[in-house]
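Geometric and topological summary
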Amino acid sequence: MEMVCSRWVMAFCICLPFLLTGTLSEDTLNGFSKVRGVNLGGWLVVEGWIKPSLFDEIPNRDLLDGTQVQFKSVMLQGFVSAANGGGADVTVDRSVPSSWETFKIWRVSDSEFQFRSLGGEFLTCGGDWQSISATAESPSANETFYIERNHDRVHIRLLSGIYVQATSANQLVASYQGNPGWDDNAATFQMIIAENSLHGDYQLANGYGWDKGKEVLTKHRRNFITQEDFHFLSMNGINTVRIPVGWWIAYDPDPPAPFIGGSLASLDNAFSWALTYNLKCIIDLHAAPGSQNGMEHSASRDGSVDWPGSPEYISQSLDVIDFLASRYANHPALLGIELLNEPSASSVPFDVLTSYYSKGYQIVRKYSSAAYVIFCQRIGRANPLELYQANVGASNTVVDLHYYNLFDDFYVNLTSTDNIDFIYNNRGVEVQALNSANGPLVFIGEWVNEWNVNNASKAAYQAYGMAQLDVYTKASFGWSYWTLKNERKHWDFEWNILNNYLILGSSASREIPRNFLLCLSLCATLYLHQLA
């Protein structure tokens, strides 16, 4: 009997390498398991929708940088208008507001503002008794106006103290003397907030000012993500964190105004915690100077996309990559560096992007031959195959795709079944095709267990999450969930795990039990043969 047991153990040991080989061949990258990651969104790059309370104490917080406003004369019942988007005197003669009547705020203080027209010119006034025009290329004192508020009514005042009024000739002139009061008079306007969607680092820092902004961000960076979060991730099957950073991190501790230092120390902490809990880190340049997509998470001041048209901004971005690569290239927790997050397909020309990616790749390679260099797909219906044909890097390269069944009218009326079918029939087919392409590895760098299905059951969410995991686990580099923490619970990875809405093990480790059963079956056959 002792000899039979010995042969059983020997048989199992012989089979064990086949078990491990079957598992690792599917799920390893240069000795490291494929990425099962989570994004640390809203931490070192602020996104107000992730944690809205960050903005609660800003005075006039509905008038942050990038807020779009319209002004209607209560006397003339016409809107202030910069015809053709700017370039001439403004008028007060439009009955219905549109883009010419909409101005983007640049905030100077909680009561001083500058106003940018559709064409990019700023409202300006040469002094008392002068007309207001939309002709200034850049703002200074002549382009700065005080706003006095009484509910939705406002007065617009020059720094000299004189008020702006709408004249009977439908002109906007700085000529109202004295205190206008809040009745229906020529110097009183109704202010309509047309859009207030930007709540990023620029809005927070410029809204609070440096002292209060430093206090708010220091507390946030210390408490929003902690070492305990890394422990939680490691205990729940996660092996990587993707960490969004802003370009100003390279200038820490004193970045250009209005940005606030301190994010570099937090990134250093993340690498230390990752090492403690055997996690890997992907550094993601989420916000480039001038903004690559006009969104709050790129730290855009007013929604403009100025990065691609500025050689200075592009060079500055490459300097940031150099800084990050030189600092972390030899850190054992570094897995890769993502050169730019979500460049806009409509605003970033492909040749500009590939030139930047090629130079960024060479910079990373200057410091590391092993670190993965990650190229994010352009957002806005761009074909990811374009990056496979661009030849921007020779080795250890990755293309990052962001998959959301959201943000497009196509998904609005899909049922839960429709969404799941789309994951398999569209996302799955694309992942398979890109896996087979001769080029970079495939990374689903952002996805979420959320959709447009109203009142979906827990079981429906579980099925949707399992479908996504089933498909995204097949991506040759892996996947990363957006995001670890979020005020919106289905976007919150921690909430999904704790409440069992997202079940990682059933899909991500599907190959392991299959191989294990094959191994046990073979061992059992050998065991019975010895007994015979």
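Worth saying up front: this structure is predicted, and the values here are computed from it rather than measured. (Residues numbered from 1 in each chain as written. Predicted model: local features only at pLDDT ≥ 70, side-chain atom pairs only at ≥ 80, totals over all residues. Heavy atoms only, no water.)

**Notes on the sheet that holds strand 22 (residues 478–481)**
- Read around the closed barrel, the 8 strands follow the order 3-16-17-18-19-20-21-22; overall the barrel is parallel. Each adjacent strand pair in this sheet contributes to an overall mean axis angle of 30°, direction not counted.
- The pairing of strand 18 (residues 334–338) with strand 19 (residues 372–376) spans 3 bridges and is parallel. Across the sheet, the residue bridging to Gly336 is Tyr372, located in strand 19.
- The sheet strands contacting helix 5 (residues 263–276) are strand 16 (240–246), strand 17 (280–287) and strand 18, and the helix crosses strand 17 at an angle near 155°. (Pairing = 2+ DSSP bridges. Helix = DSSP H or I, 4+ residues; strand = E, 2+ residues; numbered from the N terminus. Axes fitted to C-alpha atoms, helices over the stretch in contact; angles between N-to-C directions. Contact = heavy atoms within 4.5 Å.)

**Considering the nonpolar core**
- Of all hydrophobic cores here, the largest spans 92 residues; its most connected members are Ile243, Leu267, Tyr356, Tyr357, Ile444 and Phe493.
- Apart from the residues lying within four places of it in its own chain, the contact partners of Tyr357 are Leu339, Leu340, Pro343, Phe375, Cys376, Leu387 and Val392.
- Counting residues in hydrophobic clusters, the runner-up holds 27 residues, among them Leu63, Val69, Val92 and Leu158. (Core = buried A, V, L, I, M, F, W, Y, C linked by side-chain atoms within 4.5 Å. Buried < 20%, exposed > 50% of the residue type's maximum accessible area, 1.4 Å probe, protein only.)

**Some points on empty space enclosed by the protein**
- Counted by the stated rule, this structure contains 1 cavity of 30 Å³ or more.
- When its volume is computed, the largest cavity comes out at roughly 70 Å³.
- Residues of the lining of the largest cavity, tallied by class, amount to 9 nonpolar, no polar and no charged. (1 Å grid on protein atoms, 1.4 Å probe; cavity = no way out; pocket = protein on both sides within 12 Å on 5 of 7 lines; lining within 4 Å. Points joined across faces, edges and corners; volume = space filled by probe spheres on them. Nonpolar A, V, L, I, M, F, W, Y, C, P; charged D, E, K, R; others polar.)

**Points about the pattern of salt bridges**
- Following the criterion strictly, the structure yields 18 salt bridges and no others.
- Across the pair Asp322 and Lys366 runs a salt bridge, and its minimum N-O distance is 2.8 Å. A residue pair is termed long-range when its members are at least 10 positions apart, and Asp322 in helix 6 (residues 311–328) and Lys366 in helix 7 (residues 350–367) qualify at 44 residues.
- When its relative accessible area of 55% is taken as the criterion, Lys366 is described as exposed.
- Here the residues in one salt-bridge network are Arg242, Asp284, Glu338, Asp400 and Glu446, joined through shared partners. (Salt bridge = Lys/Arg side-chain N within 4 Å of Asp/Glu carboxyl O.)

**A word on the packing of helix 6 against helix 7**
- Between helix 6 and helix 7, whose axes approach to 9 Å, the crossing angle comes to 25°. In terms of orientation, helix 6 and helix 7 fall into the roughly parallel class. Our pair here, helix 6 against helix 7, has a crossing hand that is right-handed. Each of Ile314, Ser317, Leu318, Ile321, Asp322, Ala325 and Ser326 in helix 6 lies in contact with helix 7, whose residues at this interface are Val352, Tyr356, Lys359, Gly360, Ile363, Val364, Lys366 and Tyr367.
- Considering only residue class, the contact of helix 6 with helix 7 consists of 9 nonpolar, 3 polar and 3 charged. (Parallel < 35°, antiparallel > 145°, perpendicular 65-115°, else oblique. Left-handed = near helix turned anticlockwise from the far one by under 90°.)

**Some words on the pairing of strand 10 (residues 132–136)**
- For strand 10, the buried fraction is high: 4 of the 5 residues fall into the buried class.
- Pairing geometry for strand 9 (residues 122–125) and strand 10, over 4 bridges, is antiparallel. Bridging across to strand 10, Leu123 finds its partner in Ala134.
- Where strand 9 folds back onto strand 10 in an antiparallel hairpin, the turn is made up of 6 residues, including Gly127, whose phi is positive at roughly 150°.

**So, helix 3 (residues 210–223)**
- With 14 residues, helix 3 should cover 20 Å at 1.5 Å per step; its first-to-last C-alpha distance of 20 Å lies within 8% of that length.
- If you check which residues of helix 3 are buried, you get Gly213, Val216, Leu217, His220 and Arg221. Projected onto a plane normal to the axis of helix 3, the buried residues spread over an arc of 125° and lie on a single side. Those residues of helix 3 that are exposed and aimed more than 90 degrees away from the buried face are Asp211, Lys219 and Arg222. (Expected span 1.5 Å × (residues − 1). Arc of directions from axis to C-beta.)

**Considering the confidence of the model for the protein**
- This prediction gives the protein a mean pLDDT of 90; 89% of its residues lie at or above 70.
- Counting interchain partners and residues more than four positions distant, the pLDDT-below-50 stretch residues 1–26 has 25 contacts.
- Here residues 506–532 is modelled with pLDDT under 50, and outside its nearest four sequence neighbours on either side it reaches 33 contacts, counting other chains as well. (pLDDT = per-residue confidence, 0-100.)

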